[in-house]
Amino acid sequence: AAQDEDEEEEEMPEDLAHLSPHEQMVRVVFRSVWMMTLGTVLVLAFSDPMVDCLSEWGNRLGISAFYISFVLAPFASNASELLSAYTYARKKTEKNLTTSLSTLIGAACMNNTFVLAIFLALIYLQGLAWQFTAETIAMVLIQWIIGAAAICSRTQGMVSATLILLCYPGCLFTVWFLENKVGLD
């Protein structure tokens, strides 16, 4: 029990440990605002070139830019969640592994919901042609599968991790199937 309490203890950066709790809070808030601002500037600076790069890879490889972006972009956009999940998973306790998988499930659901909402709003507000039926059906289907897996079990194990991991290529296959066999756009 004492070891669990040590694992749950909040971590304070070493350079702030000697400060009073109030001063620690002020410095942590300042540091977090600074890092969020820097991160936002980096995203603004590199997102457009990243999109151009992924599109060019698709052109050179003869693969749809959707598939290239679907596979590579999440690693860049979810790097912090992946690192956090990896850090929890390295502790190899049931609680930490569950936290690790829950972090990834939450990030995936939040990202898919957020991106789909923005995507649908842009199509509606800009009057764009709807050409993404297969992609939307696949994303919503996988979202429901992952949501059901998360709701059905309070702890996540190797079986649920494997099933959730298989949803990633499963989504790609679903898009391919709907576009090439069913004929959806």
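Residues numbered from 1 in each chain as written. Predicted model: local features only at pLDDT ≥ 70, side-chain atom pairs only at ≥ 80, totals over all residues. Heavy atoms only, no water.

Enquirer: How do you make sense of helix α4 (residues 79-90) when you look at a structure like this?
Expert: What sets the pattern is the α-helix's 3.6 residues per turn: residues three or four places apart point alike. With 12 residues, α4 extends 16 Å between its outermost C-alpha atoms, agreeing within 8% with the 16 Å of an ideal straight helix rising 1.5 Å per residue. The positive-phi residue at the C-terminal boundary of α4 is Lys92, with phi of around 55°. (Helix = DSSP H or I, 4+ residues; strand = E, 2+ residues; numbered from the N terminus. Expected span 1.5 Å × (residues − 1).)

Enquirer: Would you mind going over the pattern of salt bridges with me for this structure?
Expert: Oppositely charged side chains may form a pair once their charged atoms are brought near each other. What the rule picks out here adds up to 3 salt bridges. One salt bridge connects Arg31 with Asp15, and the closest N-O pair in it is separated by 2.6 Å. Separated by 16 residues along the polypeptide, Arg31 in helix α2 (residues 21-61) and Asp15 in the loop between α1 (2-8) and α2 bring together distant segments of the chain. Given a relative accessible area of 44%, Asp15 falls into the partly exposed group. Across the pair Glu23 and Arg27 runs a salt bridge, and its minimum N-O distance is 3.3 Å. Remark: Arg27 and Glu23 occur in helix α2; sequence separation between them is 4 residues, near one turn of the helix. (Salt bridge = Lys/Arg side-chain N within 4 Å of Asp/Glu carboxyl O. Buried < 20%, exposed > 50% of the residue type's maximum accessible area, 1.4 Å probe, protein only.)

Enquirer: Would you mind going over the nonpolar core with me for this structure?
Expert: Generally speaking, nonpolar side chains in soluble globular proteins are found buried as a group. Residues Ile105, Ile142, Ile146 and Cys171 are the most contacted members of the largest nonpolar core, which totals 14 residues. For this core, the secondary structure elements donating two or more residues are α3 (65-77), α5 (94-126), α6 (133-152) and α7 (158-182). Among the elements that take part in this core, α7 stands out by supplying 5 residues, more than any other. (Core = buried A, V, L, I, M, F, W, Y, C linked by side-chain atoms within 4.5 Å.)

Enquirer: What should I look at first to understand the packing of α3 against α7 in this one?
Expert: Relative placement of two packed helices is described by the angle separating their axes and the distance separating the axes. Where α3 contacts α7, the two axes come as close as 11 Å, and the packing angle between them is 170°. As the angle between them shows, α3 and α7 are arranged roughly antiparallel. Only Tyr168, Cys171, Leu172, Val175, Trp176 and Glu179 of α7 make contact with α3, whose side of the interface consists of Phe66, Tyr67, Phe70, Val71 and Pro74. A class-by-class count of the residues in the contact of α3 with α7 yields 10 nonpolar, no polar and 1 charged. (Axes fitted to C-alpha atoms, helices over the stretch in contact; angles between N-to-C directions. Parallel < 35°, antiparallel > 145°, perpendicular 65-115°, else oblique. Contact = heavy atoms within 4.5 Å. Nonpolar A, V, L, I, M, F, W, Y, C, P; charged D, E, K, R; others polar.)

Enquirer: Which parts of the structure should I look at to understand a nonpolar patch on the surface?
Expert: A contiguous nonpolar patch, built from Trp57, Leu61, Ile63, Val71, Leu72, Phe75, Leu82 and Leu104 and spanning about 670 Å² of accessible area, is present on the exposed surface. Secondary-structure elements contributing two or more residues to the nonpolar patch are α2 and α3. Among the elements that make up the nonpolar patch, the one with the highest residue count is α3 (3 residues). Among the structural elements, Leu61 can be located in helix α2. (Patch = residues over 30% accessible without salt bridge, like charges linked within 9 Å, V, L, I, M, F, W, Y side chains within 5 Å. Areas by Shrake-Rupley, 256 points an atom, 1.4 Å probe, with all protein chains shown as cover.)

Enquirer: Hey, could you run me through unusual backbone geometry in this one?
Expert: One can expect most non-glycine residues to show negative phi and most peptide bonds to be in trans. In this structure, Lys92 is a non-glycine residue whose phi angle is positive, near 55°. Of note, Lys92 is situated in the loop between α4 and α5. Looking at Lys92, the relative accessible area reads 69%, which means it is exposed.

Enquirer: So what exactly am I meant to see when it comes to the side chain of Gln143 here?
Expert: Here Gln143 lies in helix α6. Leave out the neighbours within four places in its chain, and Gln143 touches Ala108, Cys109, Asn112 and Thr113.

Enquirer: Whenever I open this one, the environment of Leu19 confuses me. Can you help?
Expert: By the element assignment, Leu19 lies in the loop between α1 and α2. According to the relative accessible area criterion, Leu19 is buried, its value standing at 18%. If we skip the residues at most four places from it in the chain, Leu19 touches Gln24 and Arg27.

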